[in-house]
Amino acid sequence: MIGNLIGVLFDGIAYGSLLFVISIGLSVTMGLMNFVNLAHGAFAMLGGYACVVLMSRAGVPFLAALPVAFLVPAVAGIVLERTLYQRLYKATHLDQVMFSIGIVFMAVAAATWFFGPSQQPVRLPYWLRGQVHVLGLDLGAYRIFLIGVVVVITVVLHMLLVKTRFGAQVRASVENAVAAAGLGIDVNRVFGVTFALGSGLAGLGGGLGIDVLGLDHTFPLKYMVYFLLVVAIGGAGTIKGGLVAAMILGICDVAGKYYVPQIGSFIIYFLMVALMILFPAGLYGRRT
Amino acid sequence: MNDTSRSHASGENLPADRWRAIEIAFWLAALAAYFVFPTHRVLGSQILITGLFAVTLNLILGYAGIVSLGHAAFFGVGAYAAGILAVHGWGEPLSGLVVAGAAGAIVGYATSFLVVRGTDLARLMVTLGIGLMLFEGANQAAFITGGADGLSGVTMWKVLGLFSFDLTGSTAYLYSLAVLFVLFVVARRIVNSPFGLSLRGIRENVKRMPAIGSPVARRLIAIYTVSAAMAGVAGGLLAQTTQFVGLDVFGFPRSADLMIMVVLGGAGRLYGGLVGTTVFMIAHHFLSDMNPIYWQFWLGLLLVVVVLYSRGGILGALADFRDRAKSVRK
C-alpha cells in the first residue's frame, strides 16, 4: 500500500516535471508580455515531431535528437514572434486568444498533412527502458531520467535568471517593462529571446514526453488546458510558481486516475476551478 | 458637437432603437430562405439555432467583454434539460424551452460568481473548467444522460398542437426562426438600454465604471445569467429539433467554434453573431465535404488574418468600407 503510494507519487512527479518543462516558457512569456498564447503546445508538438523524424528517418539516437527538439521550435518561435506575435502585444486578450487558436488549428492540420493522424512511436535506448529496483521499489527508468533532466534544466534556468545579465534584464522587464525600457534595456530583444527560449523548452519537453504524453496531431489541443493551468495556477512570470503548480497538477492527475478512475479527469478540472477561485492571480502571482 | 450636447441634455443619447430598413430586410431574407432553399431546411435550422447561441455569447463577449471558452456549458444544460423532459413523457415544445432556459439560467447564475471575479486568464480557465466538468459529469451520469451513446428517444409533440416535426426540417426551421427572432428582440432591447450601455462601459474601462456609480459585479452577473438562460433555450431548440442529445453539446470545440463565429462576424455588433454563424456554417457545410483537414487549416489562417487585419470581423470591415466611401463622397 505504502509502496503503491510512493509509486503514484513518483509517477506524478515525473509527469509534473514534464508539464513544468513544457509550460515554463509559456509562464515567463505570459508574465513578460501579458500575452495569452494558446498555441504554446504547438511548439511542443513541433519538438516532438522533430525528434521522431530524426530518430526514425535519419537514425539519430534519442539523446542526440533532443537538442534538435529544442532548436527547431526555438527558431520557429523567434520567426513567428518577430513576424506575427509582436504585432499583438498591445491587442486585447480576445484577439490574442483567437490568433493563437488560429495558429493551433493550422499546426494541427499541418501535422495531419505531414504525419497522418496516428500516434508516433519512439524507441528509447535500452538503458532507459524497463524498471529500476531502488530501495525495494520498482521505478520506471525513463521516469527517473525525466526527473533528472528537469532538475538540471531548473537549476540552469535559475542560474540564468539570477546570475546573468540577461536574467536581470528579463526580471526587470517582467516587473515593469516601461521602466525597464527607460533604463536602457532593449525590452524588444528580451521579448524575442525569451520567446525563443520558451518555445525551445516546450519543444524539448515535447520530445522528452513522447513516451509519457504520446504524440499525435491533436497534441496542442489535448494538453492546452494543462499548460495553461500550470501558468494560471502558478502565476504568470514565476519559475517557482510554475514548478509548484506543475507538481500539484501532475501528482493530482496521476493519483486521481489511479485511485478513482471512474471520475476520470473530473479531479483536475475541479482542482483548476477551485484554485482559480481561491487564487485568481495564481499561487505566486502578483496581485494587481 | 452641438448635436451631441443637446441630445445629452434631453437624455436621448441611447443608441437608436428604431428598426432600420436593412434589419427588416435581414429577417425577411431569413424567412425567404425557407422557400428558396427547400432542400436545405435542416441545415438552415442548425444555422438559426447556432445563430441564437452566438447572439448569447456576443452579449457577454462582445458587449460585456467576458472572454469565455466554456459557453457550451449552458447550451448543453439546456439541451439535456429539454431532452430529458421529453424522454420522460412531456414533449410539449414551448414549455420544454422554458425549462431549458431556466436550467441554463440556474447554472449560469450559480457559476457567474466564479466568472465575474478575476482576470481574463482566470476567467478563461474557469469557464473552460466548468465546461469540461459538465462534459465529464454528463459522460459519467449515463443513467440520466445516456453517456457517450447520447440521449435518444426524445419524442416531441406538435408545436402549438398544430405543426409536427418532420424529416425535411420545415417545422424545425420556422420554429427555430420564430424563437430566434423573439430572443433577438430581447437581446436588442437589452443592448440598447442604459443597462446595455453600462456593459459597454465595463468592457471599455472596468476601473472607471464604479466611479460613475455602476455596480460592475452585479451588472456582469445579470448579463451572464441572461446570456446563460438564452444559451439554454438554444440548446433546448437543438434537442427538440434533432430529437437527440449527444455529449458534444458540452464539447470544447462547440465553445471554440462559437467564439470564432462571433469574432468572424463582428463581436459587439448585434448582427455579428448571426452573420458570422451563417458564413461559418455554410462554408463548413460545403468545404469540409472536400477534406476536413483543409477546412481546419483555412479556418486557422482565416482567424489569424481576421485578427491581424480586420479587428471588427465581417461587419466591422463593412462598416469601415462604408465610412471610407462616405468620406470619399464628401
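Note that the coordinates shown come from a computational prediction; the quantities given were computed from them, not determined experimentally. (Residues numbered from 1 in each chain as written. Chains lettered and ligands numbered in written order. Predicted model: local features only at pLDDT ≥ 70, side-chain atom pairs only at ≥ 80, totals over all residues.)

*Asks:* I keep staring at the overall build of chain B and nothing clicks. Help me out?
*Replies:* The secondary structure content of chain B amounts to 14 helices and zero strands. Helices and strands appear in chain B in the N-to-C order α-α-α-α-α-α-α-α-α-α-α-α-α-α. Taken over the C-alpha trace, chain B has a radius of gyration of 20 Å; the compact-globule value for 330 residues is 20 Å, and the two agree within 12%. With respect to the principal axes defined by its C-alpha atoms, chain B has extents near 65 × 45 × 45 Å. Across the 330 residues in chain B, those meeting the buried criterion constitute 48%. (Helix = DSSP H or I, 4+ residues; strand = E, 2+ residues; numbered from the N terminus. Rg over C-alpha atoms; globule rule 2.2 N^0.38 Å. Buried ≥ 20, exposed ≤ 12 C-beta atoms within 10 Å, placed from the backbone.)

*Asks:* Before we go on, may I ask you to explain the overall build of chain A in this structure?
*Replies:* Helix and strand content of chain A: twelve helices and two strands. Each helix and strand of chain A, ordered N terminal to C terminal, gives the series α-α-α-α-β-β-α-α-α-α-α-α-α-α. Against the compact-globule benchmark of 19 Å for 288 residues, chain A has a radius of gyration of 19 Å, which places it among compact chains. Overall, the C-alpha framework of chain A stretches about 60 × 45 × 35 Å when taken along its three principal axes. Across the 288 residues of chain A, 50% fall into the buried class. Sequence-distant contacts in chain A: of pairs separated by 6 or more residues, those separated by 24 or more amount to 78%. (Contact = placed C-beta atoms within 7 Å.)

*Asks:* Would you explain the pairing of strand β1 (residues 131-134) of chain A in this entry?
*Replies:* Consecutive side chains along a regular strand alternate between the two faces of the sheet. Bridging between β1(A) and strand β2 (residues 137-140) of chain A involves four bridges; their strand directions are antiparallel. By the bridge assignment, Gln131(A) is partnered in β2(A) with Gly140(A). (Pairing = 2+ DSSP bridges.)

*Asks:* Would you take a moment to explain unusual backbone geometry for this structure?
*Replies:* What you tend to see is this: most non-glycine residues have negative phi, and most peptide bonds are trans. All names here are of chain B. Of note in this structure, Gln243 is not a glycine but carries a positive phi near 55°. The residue Gln243 is located in the loop between α10 (216-242) and α11 (252-265) in this model. Exposure remark for Gln243: the 19 C-beta atoms within 10 Å place this residue in the partly exposed category.

*Asks:* How should I be thinking about the environment of Leu43(B) in this particular structure?
*Replies:* Residue and element names in this part refer to chain B. In this structure, Leu43 sits in helix α3 (residues 41-63). Look at Leu43 and you get partly exposed, because 16 C-beta atoms sit within 10 Å. Separated by 242 residues in sequence, Leu43 and His285 place their C-alpha atoms 8.4 Å apart.

*Asks:* Can you help me understand the interface of chain B and chain A in this one?
*Replies:* Bring the parts together and some accessible area is lost; that lost area is often taken as the interface size. The partner chain A presents 34 residues to the 33 residues of chain B that form the contact. Of the residues forming the side of chain B that touches chain A, the biggest block, 13 residues, is contributed by helix α6 (residues 120-140) of chain B. When grouped by side-chain class, the residues that make up the side of chain B that touches chain A number 23 nonpolar, six polar and four charged. (Nonpolar A, V, L, I, M, F, W, Y, C, P; charged D, E, K, R; others polar.)

*Asks:* Would you explain the nonpolar core in this entry?
*Replies:* One broad rule of soluble globular proteins: the nonpolar side chains tend to lie buried together. Formed by 198 residues in total, the largest nonpolar core has its most connected members in Val104(A), Leu229(A), Val230(A), Leu52(B), Met125(B) and Ala234(B). Setting aside residues no more than four positions away along its own chain, Leu52(B) makes contact with Val179(B), Leu180(B), Leu183(B), Ala234(B) and Leu237(B). (Core = buried A, V, L, I, M, F, W, Y, C linked by C-beta atoms within 7 Å.)

*Asks:* Can you walk me through the confidence of the model for chain B in this structure?
*Replies:* Close inspection of predicted coordinates is inappropriate in any region flagged by low pLDDT. Of the residues in chain B, 95% reach a pLDDT of 70 or more, and the chain-wide mean stands at 86. ipTM for the predicted complex: 0.82, alongside a pTM of 0.84. (pLDDT = per-residue confidence, 0-100.)

*Asks:* Quick question: what am I supposed to make of the packing of helix α5 (residues 93-116) of chain B against α6(B) here?
*Replies:* Think of two packed helices as two axes; the pair is described by the angle between the axes and how far apart they sit. Residues and elements named next belong to chain B. Contact geometry for α5 and α6: axes closest at 9 Å, N-to-C directions at 150°. One way to sum up the angle between α5 and α6 is to call them roughly antiparallel. Contact with α5, carried on its side by Thr111, Leu114 and Val115, involves Arg123, Val126, Thr127 and Ile130 of α6 and no other residues of that element. By residue class, the composition of the contact of α5 with α6 is four nonpolar, two polar and one charged. (Axes fitted to C-alpha atoms, helices over the stretch in contact; angles between N-to-C directions. Parallel < 35°, antiparallel > 145°, perpendicular 65-115°, else oblique.)

*Asks:* Which parts of the structure should I look at to understand helix α13 (residues 292-309) of chain B?
*Replies:* An α-helical turn contains 3.6 residues, so a residue and the one three or four places further along point in the same direction. Residue and element names in this part refer to chain B. Spanning 18 residues, α13 covers 26 Å between terminal C-alpha atoms, matching the ideal 26 Å at 1.5 Å per step. Among the residues of α13, those classed as buried are Gln296, Leu299, Gly300, Leu303, Val306 and Val307. Viewed end-on, α13 has its buried residues packed into an arc of 130°, placing them on one side of the element. Away from its buried face by more than 90 degrees, α13 exposes Val305 and Tyr309. (Expected span 1.5 Å × (residues − 1). Arc of directions from axis to C-beta.)

*Asks:* What's the story with the packing of helix α10 (residues 224-234) of chain A against α6(B) in this structure? I'm lost.
*Replies:* Packing of α10(A) against α6(B) brings their axes to within 11 Å, and their N-to-C directions diverge by 135°. In terms of their interaxial angle, α10(A) and α6(B) are classed as oblique. Note on packing geometry: the crossing formed by α10(A) with α6(B) is left-handed. Counted together, Val225(A), Leu228(A), Leu229(A) and Ala232(A) of α10(A) and Leu121(B), Ala122(B), Met125(B) and Leu128(B) of α6(B) form the full contact between these two elements. Across the contact of α10(A) with α6(B), the residue classes break down as eight nonpolar, no polar and no charged. (Left-handed = near helix turned anticlockwise from the far one by under 90°.)

*Asks:* Explanation requested: the environment of Val150(A) in the structure shown.
*Replies:* Residue and element names in this part refer to chain A. Secondary-structure assignment places Val150 in helix α5 (residues 141-163). Using a count of 23 C-beta atoms within 10 Å as the deciding quantity, one classes Val150 as buried. Once the C-alpha coordinates of Val150 and Val21 are considered, the two residues, 129 residues apart in sequence, prove to be 6.8 Å apart. If we skip the residues at most four places from it in the chain, Val150 touches Ser17, Phe20 and Val21.

*Asks:* Looking at this model, I keep getting lost on the environment of Ile260(B). Mind explaining?
*Replies:* All names here are of chain B. Residue placement: Ile260 occurs in helix α11. Through-space distance from the C-alpha of Ile260 to that of Ala54 is 9.6 Å; in sequence the pair is 206 residues apart. The contacts of Ile260, once residues within four sequence positions are left out, are Phe280 and Leu303.

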